[in-house]
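Structural characterization, general
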Amino acid sequence: MKKSFIAAVVALAVAAPAYFAFAADDFAFKSQIEGRQAFMQVYRFNLSILGGMAKGDVEYDADLAAASANNLLAASKMSNGAMWPMGSHTEAAGLADVTAAKEAIWSTYPDIADKGKDLTEALTAMAAVAGDGLESLRSNMGAVGNGCKGCHESYRLSRD
Ligand code: HEC
């Protein structure tokens, strides 16, 4: 009994300084924030392929269009809740230059989850036809773009 009490005290003594060092670090939440920004870059990369074709900047390629649309759809279905820990918002001390995620994400939850579902819905329609021709791709671009924008307008700090 006594032994385990001592062990607990020792564990606390060891853990406490580490905790405070982490809390004082401006770069708390580093891996989660980097992870979700990389996740967004995967969206951007694949969407830019579809956008380039839709605009006529790049020649339409059915296989590449279908693959990019399927990548977007798969990404939108990826479980990503662990990338968004409470407290990792841009208004938090030390995080203004690190993340653009607004505090409203957590205070209005689960609205952001609904916005994510809106994007998945638009991407489901896109993935079903992206390989069927340029017109099919084009006719779904607006809805997909709105799926991204619909969430950014509410939950991502605009740096423009
Ligand atoms: C459900 C909400 C939501 C949806 C849907 C969404 N985003 Fe985002 N996005 C965010 C948030 C929040 C951030 C800010 C993340 C941060 O800085 O921690 C962000 C950041 C980004 C960034 C900047 C990443 C970086 O390196 O800092 C890009 C690019 C991006 N999103 C692209 C997209 C694209 C393209 C789509 C649609 C295919 C999309 N997003 C859909 C919420 C969303």
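Note on numbering: residues in each chain are counted from 1, in written sequence order. With pLDDT at 70 or above as the cut-off, local features in this predicted model cover only qualifying residues; side-chain atom pairs require 80 or more to be listed or tallied, and sums for whole chains, interfaces and linings still use all residues. Note that the side-chain values use all heavy atoms of the structure and ignore hydrogens as well as water.

**Details of the coordination of the iron atom of the ligand**
Distances define the donors: N, O and S atoms within 2.8 Å of the metal qualify, as do those within 3.2 Å of Na, K or Ca. Water is excluded, so some sites may look unfinished. Looking at the metal site, the iron atom of the ligand is ligated by Met40 (SD) and His152 (NE2), spaced 2.0 to 2.4 Å from it. For every residue, the accessible area (1.4 Å probe, protein chains only) is compared with the maximum for its type, and the residue is labelled buried under 20%, exposed over 50%, or partly exposed between those bounds. Using a relative accessible area of 31% as the deciding quantity, one classes methionine 40 as partly exposed. Residue histidine 152 is classed as partly exposed on the basis of its relative accessible area of 29%.

**Examining the layout of surface pockets**
A cavity here means a set of points on a 1 Å grid, drawn over the protein atoms and nothing else, where a 1.4 Å probe fits but cannot get out; a pocket is an open set with protein on both sides within 12 Å along at least five of seven lines, and a residue lines either one if it has an atom within 4 Å of a point. Grid points are joined across faces, edges and corners, and a volume is the space filled by probe spheres set on the points. The calculated volume of the largest pocket comes to roughly 1,300 Å³. Lining of the largest pocket is provided by 39 residues; of these, Met40, Tyr43, Trp84, His152 and Arg156 occupy positions nearest its centre. Taken together, the residues of the lining of the largest pocket sort by class into 17 nonpolar, 13 polar and 9 charged. Ten residues, namely Ala, Val, Leu, Ile, Met, Phe, Trp, Tyr, Cys and Pro, are considered nonpolar, four, namely Asp, Glu, Lys and Arg, are considered charged, and the remaining ones, Gly among them, are considered polar.

**Concerning helix α6 (residues 134–155)**
Between its terminal C-alpha atoms α6 stretches 32 Å, which fits the 32 Å expected from 22 residues at 1.5 Å a residue. Bend angle per residue: angle between axes fitted to the 7 residues ending at that residue and the 7 residues starting there. Only runs of H or I of at least four residues qualify as helices and only runs of E of at least two qualify as strands under DSSP, and these elements are numbered from the N terminus. At methionine 141, α6 is deflected by roughly 35 degrees, the largest bend along its length. Pairs of residues are marked as contacts when any of their non-hydrogen atoms sit within 4.5 Å. The inward-facing, buried residues of α6 contact α2 (30–55), α3 (62–77), α4 (104–107) and α5 (111–129). Helix span is expected to be 1.5 Å times the residue number reduced by one.

**Here we look at the site of the ligand**
If a single non-hydrogen atom of a residue is within 4 Å of a molecule or strand, that residue counts as near it. Contacts to the ligand come from 21 residues, most closely from Met40, Thr99, Cys148, Cys151 and His152. Any pair of nitrogen or oxygen atoms within 3.5 Å is treated as a polar contact; in protein, a donor-acceptor pairing is required on top of that, and neighbouring residues in sequence qualify only through side-chain atoms on both sides. With respect to the ligand, the side chain of threonine 99 contributes an N or O atom lying 2.6 Å from an oxygen atom. Applying the majority rule of atoms within 2 Å of the grid points places the ligand in the largest pocket. Sorting the residues of the shell around the ligand by element identifies α2, α5 and α6 as the ones contributing at least two each. Of the residues forming the shell around the ligand, the biggest block, 7 residues, is contributed by α2. Here the shell around the ligand is composed, by residue class, of 12 nonpolar, 6 polar and 3 charged. Placement in a cavity or pocket follows one criterion, namely that more than half of the molecule's atoms lie within 2 Å of its grid points.

**Description of the packing of α3 against α5**
Interhelical geometry of α3 versus α5 gives an angle of 155 degrees and a closest axis separation of 9 Å. With respect to α5, the axis of α3 lies roughly antiparallel. For α3 against α5, the interelement crossing comes out left-handed. Residues Ala69, Asn70, Leu72, Leu73, Ser76 and Lys77 of α3 form the contact with α5, whose participating residues are Thr120, Leu123, Thr124, Met126 and Ala127. Of the residues contributing to the contact of α3 with α5, the split by class is 6 nonpolar, 4 polar and 1 charged. To get an axis, fit a line to the C-alpha atoms, keeping to the stretch in contact for a helix; angles then go from 0 to 180 degrees between the N-to-C directions. The cut-offs work like this: below 35 degrees is roughly parallel, past 145 is roughly antiparallel, 65 to 115 is roughly perpendicular, and the gaps in between are oblique. In this scheme the handedness of a crossing depends on how the near helix is turned from the far one: anticlockwise by less than a right angle means left-handed, clockwise means right-handed.

In short, geometric facts, not functional conclusions.
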